[in-house]
Amino acid sequence: MQKPPEPLDFALKETWPNIGAGVGVVTRDKLSCTYDLVEQMQYLYVHVVKAKDVHGKDVIGSVDPYVEVKLGNYKGLTKHFEKKSNPHWNQVFAFSKDRIQASVLEVVVKDKNVVVHDLVGRVLFDMNDIPKRVPPDSPLAPQWYRMEDWRGERVKGELMLAVWMGTQADEAFPDSWHSDAAMVGPEAVANIRSKVYLSPKLWYVRVNVIEAQDLIPSDKNRYPEVFVKVVLGNQSLRTRISQSKTINPLWNEDLMFVVAEPFEEHLLLTAEDRVGPNKDEILGRCLIPLQNVQRRLDHKLVNTRWFNLEKHVVVEGEKKKEIKFSSRIHLRICLDSGYHVLDESTHYSSDLRPTAKQLWKPSIGVLEVGIISSQGLMPMKTRDDRGTTDAYCVAKYGQKWIRTRTIVDSLAPRWNEQYTWEVFDPCTVITIGVFDNGHLQKGDKSGGSKDSRIGKVRIRLSTLETDRVYTHSYPLLVLHNSGVKKMGEVQLAVRFTSLSLINMLCIYSQPLLPKMHYIHPLSAIQQDSLRHQAMQIVSMRLSRAEPPLRKEVVEYMLDVDSHMWNMRRSKANFFRIMKILSGLIAIGRWFDQICNWKNPLTSILIHILFIILVLYPELILPTIFLYLFFIGIWNYRWRPRHPPHMDTRLSHADAAHLDELDEEFDTFPTSRSSNTVKMRYDRLRSIGGRIQSVVSDLATQGERIHNLLSWRDPRATTLFVTFCFIAALVLYVTPFQVVFLLIGFYVLRHPRFRQKLPSVPYNFFRRLPARVDSML
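Residues numbered from 1 in each chain as written. Predicted model: local features only at pLDDT ≥ 70, side-chain atom pairs only at ≥ 80, totals over all residues. Heavy atoms only, no water.

Enquirer: Mind showing me how you'd approach unusual backbone geometry here?
Expert: Comment: phi is negative for the bulk of residues other than glycine, and the bulk of peptide bonds are trans. Geometrically, the link from E261 to P262 is a cis peptide bond, its omega value of -5 degrees lying close to zero. Take P262: it is sitting in the loop between β15 (250–260) and β16 (266–276). Geometrically, the link from E546 to P547 is a cis peptide bond, its omega value of 0 degrees lying close to zero. In this structure, P547 sits in the loop between α3 (524–543) and α4 (551–558). Residue N252 is not a glycine yet carries a positive backbone phi of 55 degrees. At D384, a position not held by glycine, the phi torsion is positive, near 55 degrees. (Helix = DSSP H or I, 4+ residues; strand = E, 2+ residues; numbered from the N terminus.)

Enquirer: Looking at this structure, how should I read the sheet that holds strand β23 (residues 365–375)?
Expert: Hydrogen bonds along the backbone pair up the strands of a sheet, which may run parallel or antiparallel. One open sheet accounts for five strands, arranged β1-β31-β32-β23-β28; its pairing is antiparallel. A strand with exactly one partner marks an edge of an open sheet, and here the two such strands are β1 (13–14) and β28 (414–423). Sheet topology places strand β31 (residues 469–480) next to strand β32 (residues 483–498); twelve bridges connect them, and they run antiparallel. Note that in β32 the partner of V478 across the bridge is K485. (Pairing = 2+ DSSP bridges.)

Enquirer: Is there a simple way to think about the sheet that holds strand β30 (residues 452–460) in this case?
Expert: Read from one edge of the open sheet, five strands run β11-β27-β26-β29-β30, paired in antiparallel fashion. Single-partner strands in this sheet number two, and they are β11 (195–198) and β30. Going across the sheet, the axis of each strand differs from the next one's by a mean of 20 degrees, ignoring polarity. When β11 meets strand β27 (residues 400–403), the two strands line up antiparallel, connected through four bridges. Residue pairing in the sheet places L198 in a bridge with K400 of β27. (Axes fitted to C-alpha atoms, helices over the stretch in contact; angles between N-to-C directions.)

Enquirer: What exactly am I supposed to notice about the nonpolar core here?
Expert: In a soluble, globular protein the nonpolar side chains are often hidden away together inside. Among the nonpolar cores identified, the biggest contains 65 residues, and Y204, L367, W401, W421 and I430 are the most heavily contacted of them. Among all residues touching L367, those that are not within four sequence positions of it are Y397, Y419, T420, W421, V423, I430, L461, V494 and R495. (Core = buried A, V, L, I, M, F, W, Y, C linked by side-chain atoms within 4.5 Å. Buried < 20%, exposed > 50% of the residue type's maximum accessible area, 1.4 Å probe, protein only. Contact = heavy atoms within 4.5 Å.)

Enquirer: Looking at this structure, how should I read the packing of helix α6 (residues 600–615) against helix α11 (residues 736–747)?
Expert: Each pair of packed helices gets described by two things: the angle between the helix axes and the distance between those axes. Axis separation between α6 and α11 bottoms out at 10 Å; the angle between their running directions is 160 degrees. The angle between the axes of α6 and α11 places the two elements in the roughly antiparallel class. Regarding α6 and α11, the two cross each other, and that crossing is right-handed. Of the residues in α11, those touching α6 at H607, F610, I611, V614 and L615 are Q737, F740, L741, G744 and F745. Considered class by class, the residues forming the contact of α6 with α11 number seven nonpolar, three polar and no charged. (Parallel < 35°, antiparallel > 145°, perpendicular 65-115°, else oblique. Left-handed = near helix turned anticlockwise from the far one by under 90°. Nonpolar A, V, L, I, M, F, W, Y, C, P; charged D, E, K, R; others polar.)

Enquirer: Would you mind going over the environment of T670 with me for this structure?
Expert: Counting through the fold element by element, T670 comes out in the loop between α8 (658–664) and α9 (674–706). For T670 and F173, which are 497 residues apart along the polypeptide, the C-alpha to C-alpha distance reads 47 Å. A polar contact is formed between the side chain of T670 and the backbone nitrogen of R672, at a distance of 3.1 Å. (Polar contact = N/O pair within 3.5 Å; in protein donor to acceptor, adjacent residues only side chain to side chain.)

Enquirer: Any chance you could explain the side chain of E211 here in plain terms?
Expert: In this structure, E211 sits in strand β12 (residues 202–213). Nearest to the buried, unbridged E211 among oppositely charged side chains is R328, at 7.5 Å. Ignoring sequence-local partners within four residues, the contact set of E211 consists of P249, L250, W251, W306, I329 and H330. (Lys, Arg positive; Asp, Glu negative; His and termini not counted. Salt bridge = Lys/Arg side-chain N within 4 Å of Asp/Glu carboxyl O.)

Enquirer: Looking at this structure, I do not really get the packing of aromatic side chains. What am I missing?
Expert: Geometry of an aromatic ring pair is reported as the spacing of the ring centres plus the angle between the planes. One pass over the structure, following the stated rule, counts 18 aromatic pairs. In textbook terms, an aromatic cluster arises when at least three aromatic residues are bridged by ring pairs, as seen for Y43, Y45, W164 and F173. If you follow R458 out to its NZ or CZ, it ends over the ring of Y348, 3.9 Å from the centre. (Phe/Tyr/Trp six-rings, centres within 6.5 Å; stacked < 30°, edge-to-face > 60°. Lys NZ or Arg CZ within 6 Å of the ring centre and 35° of its normal.)

Enquirer: Hey, could you run me through the pairing of strand β5 (residues 88–96) in this one?
Expert: Residues in a regular strand point their side chains to alternate faces of the sheet. Two strands pair when backbone bridges link them, and strand β2 (residues 42–52) and β5 are joined in this way by seven bridges, in the antiparallel orientation. Within β5, the residue paired with K50 across the bridge is H88. Summarising the sheet, β5 and strand β10 (residues 177–178) pair through two bridges and their orientation is parallel. The residue bridging A94 from the neighbouring strand is H178, located in β10.

Enquirer: For this particular structure, what's the right way to read the state of the cysteines?
Expert: Disulfides are covalent bonds that link the sulfur atoms of two cysteine residues. Applying the stated criterion to the full structure yields zero disulfides. C286 supplies the cysteine sulfur nearest to C334, a cysteine that is in no disulfide, at a spacing of 16 Å. When its relative accessible area of 2% is taken as the criterion, C334 is described as buried. (Disulfide = S-S within 2.5 Å.)

Enquirer: Which parts of the structure should I look at to understand α3?
Expert: For an α-helix, 3.6 residues make a turn, and residues three or four places apart therefore share a direction. Counted at 1.5 Å a residue, the expected span for α3 with its 20 residues is 28 Å, and the 28 Å between its end C-alpha atoms agrees. Looking only at α3, the buried set comprises L530, R531, Q533, A534, M535, Q536, I537, V538, S539, R541 and L542. Elements that come into contact with the buried residues of α3 comprise β11, β12, β14 (235–238), β15, β27 and α4. (Expected span 1.5 Å × (residues − 1).)

This is the structure in structure tokens:
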């Protein structure tokens, strides 16, 4: 049964924006134009550099100068200096040409006073005389301009300016003041600018705790129960209690941590004795700087070292002097650079390279993404008694994060920003999210507000044709506790350029992860724990940048809660499995129709094909591969022509019950009432009971197969052993092709030669014993 079409409102839409690369065509000149995936936006740039010989109108001639750049109703201000006649501003102002209604640009130098700001001088520009600059031309050199007063008469002082018409490709664009954001206060301007971020370089730290010697427990009359606790930043792990309960305990356990460069934390090890329930005594501790730890590229063991343990004695809350004594601990510590530190799920990871740069392979392509615009955004906040949104985009691929500028007070923002990434593996995913900026009014001081998520898109590079420009409008879907909701659409232009087709095809034969993941694999529990720690480190480091990429944004982009169980996702995965198995089920039904002669002509053809393959067995494998080849060629006509996008039906989001959604958005541990938790627990028990029955049936079938030769049922085993002996004698004297033909004809026999009762082998197998009757 074919899946019903997705609602049009949630579907992917192809668009035809006015971009330089063209739409849906192959571009031969791959890298000649660096800004051809977005629509050109014209801006008037005013670069205010400095002034000289500026004097005020008071008696002593002192001045507190600042510059006001005025164009129609738009007005930009520089910072002001106190009592400075030669100020230096070096600020750039950008005015969108689409909103320009004035014919004259006015650059005014004013004296900041308490009551009235006096005019010092001004420079006027006719809009028709402003030159146009197109990168890669060099920046326009600033010039000195003589200032004049309101009457047009020359005044003392000069102003250095550069004025030109350009596009968003101008290098001055990211750090300029925008007329679109005129309402944003100066303390929040940093929060609206576009920036590029780099994830910190992450390492796995492997601590092999081998043994300790000459520990001194406080109670000499008992056997010590010693374990080692290792702390690195906010990560804490401990070994098991040593089985050798002596003062020289043994462990030989590996503990894994995540750390980021530059190394800010030290490794703290403490040997502790379990002296009672929930009571541990510190026998010694050791502090190890990570800068001194050896780094390894492969699986070869690093050298072990002995470290002295220092004991801290605390009496009545005061710390005495450190007493160094002969206790020591044997460790093997290394920074494992042969692993890729997972901070994303491996199913949609954007980077699979190891930590060590010398192990990286050359790039195989270039990914270019043009973030054009968004349409139909939902209001995310209220300002002046009306709904509004201050939207910006974040894209993450590999170690490089980008953040577009914030378009203030718009439900249809136009960014038209283009970014480029190196590609090292085509089987990776780029994630693009749209957020509402919640830090425009109070800047960084508004610690309580957060940037709200509007939606995100994932695009797998291996699903894209090389050198083709994809321009689509992607639905921004967010799951709320009331159901799935479309928050708007984001329009993107994507191009994946291959630098070497042969190298890219060779990637498909190589392991997905670095070889250390296969030589010394990490357990599933370790991977989940280390991934969580890596995400926390990345979010903390990026939130300290300027402007910060906030924690809630990073966690949403990295899917921090993807490991949490919920009913909706379990159902979605179950239906995914059923869709895969539906092909096998369809083949089984087709074979059943052949055996029951529903279509006699087809059954006769299958008999003929079966005879040919039995008589000429060397044709079996070529026939299978030729059949697969023709299926692939036939399906090429209906190959997907669009990138994948968030699918509400696949996610089972459009049919999820409200209680299931409430459970998904519940905190961990739960914050719901006891009755709700009891109901959900009972539901989970009923589902678990059905799963338990399926697992029990599978175990029963496996035990029956095992009991064929175990003599658990002596009569059944006697019959099976006798059958095997007779079958061996028959097969020794009978050609295999004859036996195979007889079995095939028996399976494909006509319904008039069949009976509705189960077959003899099936009856025999069902009567075999299993261990289920021995379970309590």
